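Structural overview
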Amino acid sequence: MPTVARWWSSRTDPQRIDLYTRSSYYSTLVFVPVLLLFAVAPNWVAASTWQPPVLLGSSVVTTAACLLLTRRGFCDRSAGPDRPALLVALVAGLVTVLAALAATAAGPAPAAPFVAGLVGAAVLLALSVTVPTRPLVAGAAVTGVLAGAVAYAEGGPPAAAVVVGASIGVAVGFFVTAFRFSVWILDVVLEMERSRGVQAQLAVAEERLRFARDLHDVMGRNLSAIAVKSQLAAELVRRGRGGAAEELADISRVAEESLREVRDVVRGYRRTDLPGELAGARSVLRAAGVGVTVTGEEEAVALPEQVQAALGWVVREAVTNVLRHSRASWCSVELRAVGGDAELRVANDGAPGTGTTWGNGLTGLAERLAAAGGGLSAGPDGDRFVLAATVPVGVPA
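What comes next concerns the included structure.

What counts, and where the lines are drawn
- Residues numbered from 1 in each chain as written.
- Predicted model: local features only at pLDDT ≥ 70, side-chain atom pairs only at ≥ 80, totals over all residues.
- Heavy atoms only, no water.
- Helix = DSSP H or I, 4+ residues; strand = E, 2+ residues; numbered from the N terminus.
- Buried < 20%, exposed > 50% of the residue type's maximum accessible area, 1.4 Å probe, protein only.
- Contact = heavy atoms within 4.5 Å.
- Areas by Shrake-Rupley, 256 points an atom, 1.4 Å probe, with all protein chains shown as cover.
- Polar contact = N/O pair within 3.5 Å; in protein donor to acceptor, adjacent residues only side chain to side chain.
- Salt bridge = Lys/Arg side-chain N within 4 Å of Asp/Glu carboxyl O.
- Pairing = 2+ DSSP bridges.
- Expected span 1.5 Å × (residues − 1).
- Axes fitted to C-alpha atoms, helices over the stretch in contact; angles between N-to-C directions.

Points about the overall build of the chain
- Within the chain, the regular secondary structure consists of 13 helices and five strands.
- Across the 397 residues in the chain, those meeting the buried criterion constitute 39%.
- For the chain, the share of sequence-separated contacts (at least 6 apart) that also reach a separation of at least 24 residues comes to 71%.
- In the structure as shown, the chain presents an accessible area of about 21,500 Å², 64% of it carried by carbon and sulfur atoms.

Considering the side chain of Ser24
- Note on placement: Ser24 falls in helix H2 (residues 13-30).
- Relative accessible area serves as the criterion here: at 18%, Ser24 is assigned to the buried category.
- Looking at Ser24, its side chain comes within polar contact range of the main-chain oxygen of Tyr20, at 2.8 Å.

Section: the pattern of salt bridges
- The final tally for this structure, using the stated rule, is seven salt bridges.
- Arg336 is the salt-bridge partner of Glu343, the closest N and O atoms lying 2.7 Å from each other.
- Between Asp381 and Arg384 there is a salt bridge; the shortest N-O distance is 3.2 Å.
- The partly exposed category is assigned to Arg384, whose relative accessible area is 27%.

A short note on the pairing of strand S4 (residues 375-381)
- In the sheet, S4 pairs with strand S5 (residues 384-392) via seven bridges, with the strands oriented antiparallel. Residue Asp381 lies in a different strand from S5, and its bridge partner there is Arg384.
- From the end of S4 to the start of S5, which pair antiparallel, there are two residues, and Gly382 there has a positive phi angle of about 70 degrees.

Concerning H2
- The first and last C-alpha atoms of H2 sit 26 Å apart over 18 residues, in line with the 26 Å expected at 1.5 Å per residue.
- For H2, every residue scored as buried is listed here: Pro14, Arg16, Asp18, Thr21, Ser24, Tyr25 and Leu29.

Considering the sheet that holds S4
- The mixed open sheet is built from five strands, whose spatial order is S1-S2-S3-S5-S4. Either end of the sheet is taken by a strand with one partner, and the two such strands are strand S1 (291-295) and S4. Recorded for the sheet is a direction-independent mean angle of 10 degrees between the axes of neighbouring strands.
- Of the strand pairs in this sheet, strand S2 (residues 330-338) and strand S3 (residues 341-348) are connected by eight bridges, and their pairing is antiparallel.

Things to note about the pairing of S3
- Of all eight residues in S3, six are buried; the element is thus mostly enclosed.
- The antiparallel pairing of S2 with S3 creates a hairpin that spans two residues between the two strands, and Gly339 there sits at a positive phi of about 65 degrees.
- The pairing of S3 with S5 spans eight bridges and is classified as antiparallel. Residue pairing for S5: Asp341 is matched across the bridge by Pro392.

Note that every value here comes from positions in space, so none of it alone points to a role or purpose.
This is the structure we're talking about:
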């Protein structure tokens with residue numbers, strides 16, 4: 001049982017809703033032959049020897065075709081219903097209704113109208129995964145007409161047949177639209193999850209563009225100068241003129257200058273401005289739909305550069321984990337001074353029940369903090385997941 005609980009808690013909300021929706025469809029369809037058995041069994045004493053096997057066989061084929069139709073619909077809802085499976089379900093369902101009509105003709109409790117309604121509900125249920133609501137309502141009306149016609153064919157009064165058909169049609173309509181609504185909810189949740197992933201990817205892409213822009217601004221002019229001077233030096237050597245050595249020396253100077261500027265850019269990219277990281281975390285989390293509170297930004301400004309760099313990596317890793325590996329609806333980031341240490345705590349509600357096993361990101365972060373004299377702890381705390389990092393304020397450069 002704990003294993004099942006851990007497995008369930010490891011699923012995301014969209015995965016849980018998808019699993020619940022699929023299981024609801026499959027379990028409902030599996031009970032179709034059972035319901036038909038209970039509906040028609042009292043009349044089998046008066047039925048012929050061929051009617052019960054045909055009824056059960058055709059109902060099983062109908063259920064199997066509906067299950068296949070449902071499964072393929074969940075695999076690709078944009079492709080529409082699978083036509084071969086739909087045709088098999090309709091033909092087998094019609095055989096089921098005819099066999100029920102023949103089996104109950106001599107019995108005291110006719111059940112063929114109920115069988116017609118149940119078969120129509122099963123087919124429409126399988127179609128509701130991919131078909132919109134209006135065609136489903138029209139199909140429920142057709143099912144009601146078929147049930148009324150079967151009731152009339154059994155010898156019932158016309159008024160009673162109309163009442164039976166209308167009742168079954170309305171019941172099937174409510175039943176199918178309820179399942180269709182659950183599929184619509186699943187589509188909305190999946191779309192929200194995709195939007196959240198796109199927002200996180202856009203934040204990463206924006207940071208990459210910023211770095212690419214800075215690198216282009218630094219290197220564009222110098223590389224152009226190196227290219228021009230190289231062509232000039234080659235032309236001077238080819239013509240046997242002086243000045244090639246000076247141009248080559250100038251190329252070496254520009255190359256060394258470019259190397260120094262690239263190192264400055266990379267160092268600036270890696271050097272973490274902790275207040276900027278906190279502001280960026282707030283912006284990214286809010287863009288992903290996560291409520292966030294950040295405290296201690298004033299204390300961050302006064303911290304040494306080395307401490308800011310160490311805690312900045314903690315902020316980056318924590319925010320990345322919240323976006324990629326959690327279902328958080330809120331996140332809090334708190335920076336405070338504890339004795340001679342700076343402590344950063346990041347808590348969220350998106351990973352209850354998560355184990356204590358760390359991934360490569362947290363492991364590397366702990367090693368980085370240990371080299372700076374600090375420490376890292378991460379794990380569930382009640383209904384929250386808390387990551388806490390401490391770094392001595394006097395950490396050496």
